[in-house]
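# A closer look at the structure
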Amino acid sequence: TALIILILGLSLGLTLGRRNIKSTFFSRCEKFKEYDCQKLWDAFQQAYVNKDPCKVPVEAYDPLIAAAPFKHQCNKTMFWSKTKDVVHGLTAKRNDCFVTLEDTLLGSVLDNLTWCGKEGSNDTFTTGCPGWSECVNNPVRSFWNRSSAAFADVACGNVTAMLNGSINTPFNPTSIFASVEVPRFIASRVKNLNVVMVIQKNNISNCTDPSLKNLRQSIDTGITFSCKDVSESRIQECGSKPEIACGACW
Ligand code: AVW
(Lines give C-alpha, C1' and ligand atoms only; values in the text may rest on other atoms or scores of the structure.)
Protein backbone atom coordinates (compact mmCIF):
# COMPACT_ATOMS: atom_id res chain seq x y z
CA THR A 1 0.00 0.00 0.00
CA ALA A 2 2.84 2.43 0.80
CA LEU A 3 4.14 2.01 -2.75
CA ILE A 4 0.69 2.58 -4.26
CA ILE A 5 0.20 5.74 -2.18
CA LEU A 6 3.63 6.94 -3.26
CA ILE A 7 2.87 6.35 -6.94
CA LEU A 8 -0.56 8.00 -6.66
CA GLY A 9 0.96 10.95 -4.83
CA LEU A 10 3.69 11.37 -7.42
CA SER A 11 1.33 11.24 -10.39
CA LEU A 12 -1.11 13.62 -8.70
CA GLY A 13 1.76 16.02 -8.02
CA LEU A 14 2.93 15.80 -11.63
CA THR A 15 -0.57 16.36 -13.01
CA LEU A 16 -1.15 19.37 -10.79
CA GLY A 17 2.28 20.81 -11.57
CA ARG A 18 1.67 20.55 -15.27
CA ARG A 19 -1.93 21.67 -15.40
CA ASN A 20 -1.43 24.56 -13.12
CA ILE A 21 0.33 27.41 -14.85
CA LYS A 22 -3.08 28.96 -15.51
CA SER A 23 -4.26 28.58 -11.91
CA THR A 24 -0.87 29.79 -10.62
CA PHE A 25 -1.19 32.80 -12.90
CA PHE A 26 -4.69 33.56 -11.62
CA SER A 27 -4.05 32.99 -7.93
CA ARG A 28 -0.96 35.20 -8.01
CA CYS A 29 -2.72 37.80 -10.15
CA GLU A 30 -5.77 38.00 -7.89
CA LYS A 31 -3.62 39.29 -5.05
CA PHE A 32 -3.41 42.51 -7.04
CA LYS A 33 -6.97 43.71 -6.80
CA GLU A 34 -7.11 46.38 -9.50
CA TYR A 35 -6.45 44.12 -12.53
CA ASP A 36 -8.59 42.02 -14.83
CA CYS A 37 -6.69 38.73 -14.63
CA GLN A 38 -8.57 37.09 -17.50
CA LYS A 39 -7.62 39.98 -19.76
CA LEU A 40 -3.98 39.67 -18.67
CA TRP A 41 -3.97 35.90 -19.19
CA ASP A 42 -5.28 36.41 -22.74
CA ALA A 43 -2.62 39.05 -23.44
CA PHE A 44 0.02 36.73 -21.97
CA GLN A 45 -1.04 33.74 -24.04
CA GLN A 46 -1.17 35.58 -27.35
CA ALA A 47 2.58 36.22 -27.02
CA TYR A 48 3.61 32.57 -27.46
CA VAL A 49 0.62 30.31 -28.14
CA ASN A 50 0.61 28.49 -31.47
CA LYS A 51 4.17 29.65 -32.15
CA ASP A 52 7.52 27.95 -32.57
CA PRO A 53 8.99 28.34 -29.02
CA CYS A 54 12.25 29.64 -30.50
CA LYS A 55 10.46 32.37 -32.48
CA VAL A 56 8.94 34.51 -29.75
CA PRO A 57 10.55 37.96 -29.93
CA VAL A 58 10.51 40.47 -27.06
CA GLU A 59 7.87 42.55 -28.89
CA ALA A 60 5.40 39.67 -28.58
CA TYR A 61 4.88 40.83 -24.98
CA ASP A 62 4.11 44.47 -25.86
CA PRO A 63 0.32 43.94 -25.48
CA LEU A 64 0.82 42.29 -22.07
CA ILE A 65 3.01 45.15 -20.83
CA ALA A 66 0.47 47.65 -22.18
CA ALA A 67 -2.31 45.87 -20.28
CA ALA A 68 -0.42 46.11 -16.96
CA PRO A 69 1.94 49.07 -17.23
CA PHE A 70 4.56 49.57 -14.53
CA LYS A 71 4.01 52.52 -12.25
CA HIS A 72 6.69 55.03 -11.41
CA GLN A 73 8.20 54.02 -8.10
CA CYS A 74 10.50 56.97 -7.65
CA ASN A 75 13.32 56.33 -5.15
CA LYS A 76 12.18 52.74 -4.56
CA THR A 77 13.22 50.91 -7.70
CA MET A 78 15.58 48.04 -6.94
CA PHE A 79 17.56 46.21 -9.61
CA TRP A 80 19.69 43.15 -9.01
CA SER A 81 22.04 40.74 -10.70
CA LYS A 82 22.96 37.33 -9.25
CA THR A 83 21.50 38.38 -5.89
CA LYS A 84 17.91 37.21 -6.36
CA ASP A 85 17.40 35.52 -3.00
CA VAL A 86 18.88 38.19 -0.76
CA VAL A 87 17.08 40.97 -2.65
CA HIS A 88 13.70 39.29 -2.53
CA GLY A 89 14.23 38.34 1.09
CA LEU A 90 14.51 42.06 1.74
CA THR A 91 11.77 43.41 -0.55
CA ALA A 92 9.23 40.88 0.67
CA LYS A 93 9.43 42.59 4.06
CA ARG A 94 10.39 46.14 3.11
CA ASN A 95 8.29 47.08 0.11
CA ASP A 96 7.90 50.41 1.86
CA CYS A 97 11.56 50.96 0.85
CA PHE A 98 12.29 48.91 -2.25
CA VAL A 99 10.38 47.42 -5.17
CA THR A 100 11.84 44.88 -7.61
CA LEU A 101 10.34 43.74 -10.89
CA GLU A 102 9.25 40.55 -9.12
CA ASP A 103 7.25 42.60 -6.60
CA THR A 104 5.12 44.08 -9.40
CA LEU A 105 2.07 42.32 -10.82
CA LEU A 106 3.65 40.87 -13.98
CA GLY A 107 6.95 40.00 -12.35
CA SER A 108 5.36 38.25 -9.40
CA VAL A 109 2.83 36.38 -11.52
CA LEU A 110 5.50 34.85 -13.77
CA ASP A 111 8.40 34.53 -11.31
CA ASN A 112 9.99 31.06 -11.40
CA LEU A 113 7.63 29.76 -14.09
CA THR A 114 8.46 28.11 -17.42
CA TRP A 115 6.08 28.19 -20.35
CA CYS A 116 5.92 27.84 -24.10
CA GLY A 117 3.56 27.09 -26.96
CA LYS A 118 3.75 24.84 -29.98
CA GLU A 119 2.86 25.41 -33.61
CA GLY A 120 -0.57 23.99 -34.35
CA SER A 121 -1.72 24.00 -30.71
CA ASN A 122 -3.52 26.53 -28.54
CA ASP A 123 -2.16 25.03 -25.33
CA THR A 124 0.42 26.31 -22.87
CA PHE A 125 3.18 23.83 -22.05
CA THR A 126 5.41 23.86 -19.00
CA THR A 127 7.70 20.99 -19.93
CA GLY A 128 9.80 20.47 -23.03
CA CYS A 129 10.28 24.22 -23.40
CA PRO A 130 13.60 25.63 -24.64
CA GLY A 131 16.16 26.44 -21.95
CA TRP A 132 17.27 30.04 -21.31
CA SER A 133 20.23 29.85 -23.70
CA GLU A 134 18.95 27.24 -26.13
CA CYS A 135 17.61 29.91 -28.43
CA VAL A 136 17.50 33.65 -27.83
CA ASN A 137 13.86 34.22 -28.76
CA ASN A 138 12.28 31.77 -26.35
CA PRO A 139 9.07 32.73 -24.51
CA VAL A 140 10.56 32.98 -21.01
CA ARG A 141 13.70 34.91 -21.92
CA SER A 142 11.79 37.32 -24.16
CA PHE A 143 9.32 38.01 -21.37
CA TRP A 144 12.06 38.85 -18.84
CA ASN A 145 13.90 41.00 -21.36
CA ARG A 146 10.75 42.88 -22.31
CA SER A 147 9.49 43.36 -18.76
CA SER A 148 12.93 44.38 -17.48
CA ALA A 149 13.11 47.04 -20.20
CA ALA A 150 9.68 48.38 -19.26
CA PHE A 151 10.55 48.32 -15.55
CA ALA A 152 13.81 50.24 -16.20
CA ASP A 153 11.94 52.76 -18.36
CA VAL A 154 9.90 53.97 -15.39
CA ALA A 155 12.71 54.01 -12.80
CA CYS A 156 13.28 57.45 -11.38
CA GLY A 157 15.06 59.42 -8.69
CA ASN A 158 17.28 57.29 -6.47
CA VAL A 159 17.78 53.89 -8.04
CA THR A 160 19.42 50.97 -6.22
CA ALA A 161 21.07 47.84 -7.63
CA MET A 162 22.27 44.87 -5.61
CA LEU A 163 25.27 43.13 -7.10
CA ASN A 164 27.05 40.02 -5.92
CA GLY A 165 30.49 40.30 -4.31
CA SER A 166 30.93 36.53 -4.35
CA ILE A 167 31.44 36.26 -8.12
CA ASN A 168 34.24 37.36 -10.44
CA THR A 169 32.38 39.93 -12.49
CA PRO A 170 29.60 41.54 -10.42
CA PHE A 171 28.65 43.82 -13.33
CA ASN A 172 28.46 41.32 -16.18
CA PRO A 173 27.85 42.73 -19.69
CA THR A 174 25.72 39.70 -20.61
CA SER A 175 23.32 40.13 -17.67
CA ILE A 176 19.87 41.62 -18.08
CA PHE A 177 20.88 44.35 -15.66
CA ALA A 178 23.85 45.42 -17.82
CA SER A 179 22.43 44.76 -21.28
CA VAL A 180 18.77 45.78 -20.89
CA GLU A 181 18.25 47.90 -17.78
CA VAL A 182 21.30 50.18 -17.36
CA PRO A 183 21.15 51.45 -20.99
CA ARG A 184 17.65 52.74 -20.28
CA PHE A 185 18.57 54.94 -17.33
CA ILE A 186 18.40 58.54 -18.48
CA ALA A 187 19.57 61.53 -16.47
CA SER A 188 16.28 63.41 -16.83
CA ARG A 189 14.61 60.69 -14.75
CA VAL A 190 17.28 58.85 -12.81
CA LYS A 191 19.29 61.02 -10.44
CA ASN A 192 21.48 58.52 -8.61
CA LEU A 193 22.49 54.93 -9.19
CA ASN A 194 23.44 53.41 -5.84
CA VAL A 195 25.07 50.02 -6.06
CA VAL A 196 24.95 47.79 -3.01
CA MET A 197 27.65 45.11 -3.18
CA VAL A 198 26.42 42.13 -1.22
CA ILE A 199 29.40 40.90 0.78
CA GLN A 200 29.37 37.36 2.13
CA LYS A 201 32.08 35.67 4.20
CA ASN A 202 34.04 34.43 1.18
CA ASN A 203 33.64 37.43 -1.09
CA ILE A 204 36.04 37.68 -4.01
CA SER A 205 35.11 41.13 -5.25
CA ASN A 206 33.77 44.43 -3.95
CA CYS A 207 33.18 48.02 -5.08
CA THR A 208 36.79 48.30 -6.29
CA ASP A 209 36.21 45.58 -8.92
CA PRO A 210 37.10 46.74 -12.48
CA SER A 211 33.64 45.79 -13.75
CA LEU A 212 32.20 48.53 -11.53
CA LYS A 213 34.37 51.05 -13.33
CA ASN A 214 32.72 49.90 -16.55
CA LEU A 215 29.32 50.47 -14.99
CA ARG A 216 30.26 53.94 -13.81
CA GLN A 217 31.54 54.81 -17.28
CA SER A 218 28.54 53.42 -19.14
CA ILE A 219 25.89 55.51 -17.38
CA ASP A 220 24.79 59.01 -18.42
CA THR A 221 27.09 61.72 -17.09
CA GLY A 222 24.14 63.40 -15.36
CA ILE A 223 23.54 60.37 -13.14
CA THR A 224 25.49 60.28 -9.88
CA PHE A 225 27.05 56.91 -9.15
CA SER A 226 27.86 55.37 -5.79
CA CYS A 227 28.84 51.93 -4.59
CA LYS A 228 28.82 50.55 -1.07
CA ASP A 229 30.02 47.20 0.24
CA VAL A 230 27.33 45.87 2.57
CA SER A 231 27.36 42.57 4.45
CA GLU A 232 24.53 40.16 3.74
CA SER A 233 23.65 40.11 7.43
CA ARG A 234 23.23 43.88 7.44
CA ILE A 235 20.74 43.57 4.57
CA GLN A 236 18.86 40.83 6.40
CA GLU A 237 18.72 42.98 9.51
CA CYS A 238 17.05 45.75 7.53
CA GLY A 239 14.43 43.22 6.45
CA SER A 240 13.74 41.96 9.93
CA LYS A 241 13.56 45.38 11.61
CA PRO A 242 10.79 47.53 10.15
CA GLU A 243 11.79 50.32 12.52
CA ILE A 244 15.00 50.88 10.51
CA ALA A 245 14.41 53.84 8.16
CA CYS A 246 14.78 53.02 4.45
CA GLY A 247 17.71 55.39 4.14
CA ALA A 248 19.46 53.77 7.09
CA CYS A 249 19.39 50.18 5.77
CA TRP A 250 23.09 50.43 4.88
P1 AVW B 1 20.71 37.10 -13.14
P2 AVW B 1 20.27 39.59 -14.48
N3 AVW B 1 18.99 30.28 -17.27
O4 AVW B 1 20.78 36.82 -11.67
O5 AVW B 1 21.06 40.86 -14.34
C6 AVW B 1 17.75 30.47 -16.74
O7 AVW B 1 21.85 36.63 -13.98
O8 AVW B 1 20.43 38.88 -15.77
O9 AVW B 1 20.59 38.69 -13.24
N10 AVW B 1 17.32 31.65 -16.31
C11 AVW B 1 18.15 32.68 -16.39
C12 AVW B 1 19.45 32.60 -16.89
C13 AVW B 1 19.86 31.33 -17.36
N14 AVW B 1 21.10 31.12 -17.87
N15 AVW B 1 20.03 33.83 -16.83
C16 AVW B 1 19.13 34.63 -16.30
N17 AVW B 1 17.99 33.95 -16.03
C18 AVW B 1 16.79 34.48 -15.47
C19 AVW B 1 15.26 41.66 -13.93
C20 AVW B 1 16.43 33.82 -14.19
O21 AVW B 1 15.04 33.93 -13.99
C22 AVW B 1 15.42 42.45 -12.64
F23 AVW B 1 14.86 43.68 -12.80
C24 AVW B 1 17.19 34.65 -13.21
O25 AVW B 1 16.64 34.57 -11.91
C26 AVW B 1 16.90 42.50 -12.37
O27 AVW B 1 17.35 43.85 -12.20
C28 AVW B 1 17.03 36.01 -13.79
O29 AVW B 1 17.02 35.81 -15.19
C30 AVW B 1 17.55 41.86 -13.56
O31 AVW B 1 16.53 41.54 -14.50
C32 AVW B 1 18.12 36.97 -13.40
O33 AVW B 1 19.38 36.51 -13.78
C34 AVW B 1 18.24 40.58 -13.17
O35 AVW B 1 18.73 39.95 -14.32
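Structural data are supplied above this passage.
Remember, it's a predicted structure, so these values are computed and weren't measured experimentally. (Residues numbered from 1 in each chain as written. Predicted model: local features only at pLDDT ≥ 70, side-chain atom pairs only at ≥ 80, totals over all residues. Heavy atoms only, no water.)

Every other side chain in a regular strand lies on the same face of the sheet, so the side chains alternate between the two faces. Buried residues dominate strand 3 (residues 190–199), accounting for seven of its ten residues. As paired strands, strand 2 (residues 157–164) and strand 3 are joined by eight bridges and run parallel to one another. Across the sheet, Met162 pairs through a bridge with Val196, a residue of strand 3. Between strand 3 and its parallel partner strand 4 (residues 224–231), the chain crosses via helix 9 (residues 210–218), and the hand of that crossover is right-handed. (Buried < 20%, exposed > 50% of the residue type's maximum accessible area, 1.4 Å probe, protein only. Helix = DSSP H or I, 4+ residues; strand = E, 2+ residues; numbered from the N terminus. Pairing = 2+ DSSP bridges. Right-handed = clockwise from strand over helix to strand, strands pointing away.)

The geometry of helix 2 (residues 21–29) relative to helix 3 (residues 37–46) is characterised by a closest axis approach of 10 Å and an angle of 135° between their N-to-C directions. For the element pair helix 2 / helix 3, the angle class is oblique. Viewed along their axes, helix 2 and helix 3 form a crossing whose handedness is right-handed. Residues Ile21, Lys22, Phe25, Phe26 and Cys29 of helix 2 form the contact with helix 3, whose participating residues are Cys37, Gln38, Leu40, Trp41 and Phe44. Classifying every residue of the contact of helix 2 with helix 3 gives eight nonpolar, one polar and one charged. (Axes fitted to C-alpha atoms, helices over the stretch in contact; angles between N-to-C directions. Parallel < 35°, antiparallel > 145°, perpendicular 65-115°, else oblique. Left-handed = near helix turned anticlockwise from the far one by under 90°. Contact = heavy atoms within 4.5 Å. Nonpolar A, V, L, I, M, F, W, Y, C, P; charged D, E, K, R; others polar.)

The final tally for this structure, using the stated rule, is seven disulfides. Covalent S-S linkage joins Cys116 and Cys129, the inter-sulfur distance amounting to 2.2 Å. Judged by the sign of its S-S torsion, about -80°, the cystine formed by Cys116 and Cys129 is left-handed. Here Cys116 is found in the loop between helix 6 (105–110) and helix 7 (139–153), whereas its partner Cys129 is found in the loop between helix 6 and helix 7, with 13 residues between them in sequence. One exposure class covers both Cys116 and Cys129, and it is buried. Here Cys207 pairs with Cys227 through a disulfide, and the sulfurs are 2.0 Å apart. One quick way to see it: the torsion about the S-S bond of Cys207 and Cys227 is about -80°, and its sign makes the bridge left-handed. (Disulfide = S-S within 2.5 Å.)

Across the sheet, four strands lie side by side as 1-2-3-4; this open sheet has parallel pairing. Looking at the sheet topology across the chains shown, the edges are occupied by strand 1 (78–81) and strand 4. Strand-to-strand twist across the sheet, computed as the mean angle between neighbouring axes with direction ignored, equals 20°. The pairing of strand 1 with strand 2 spans four bridges and is classified as parallel. Counterpart to Ser81 in the pairing with strand 2 is Leu163. Its contacts with the sheet put helix 5 (residues 84–91) on strand 1, strand 2 and strand 3, and the angle it makes with strand 1 is roughly 155°. Against the sheet, helix 10 (residues 232–240) contacts strand 2, strand 3 and strand 4, and its axis sits at roughly 95° relative to strand 4.

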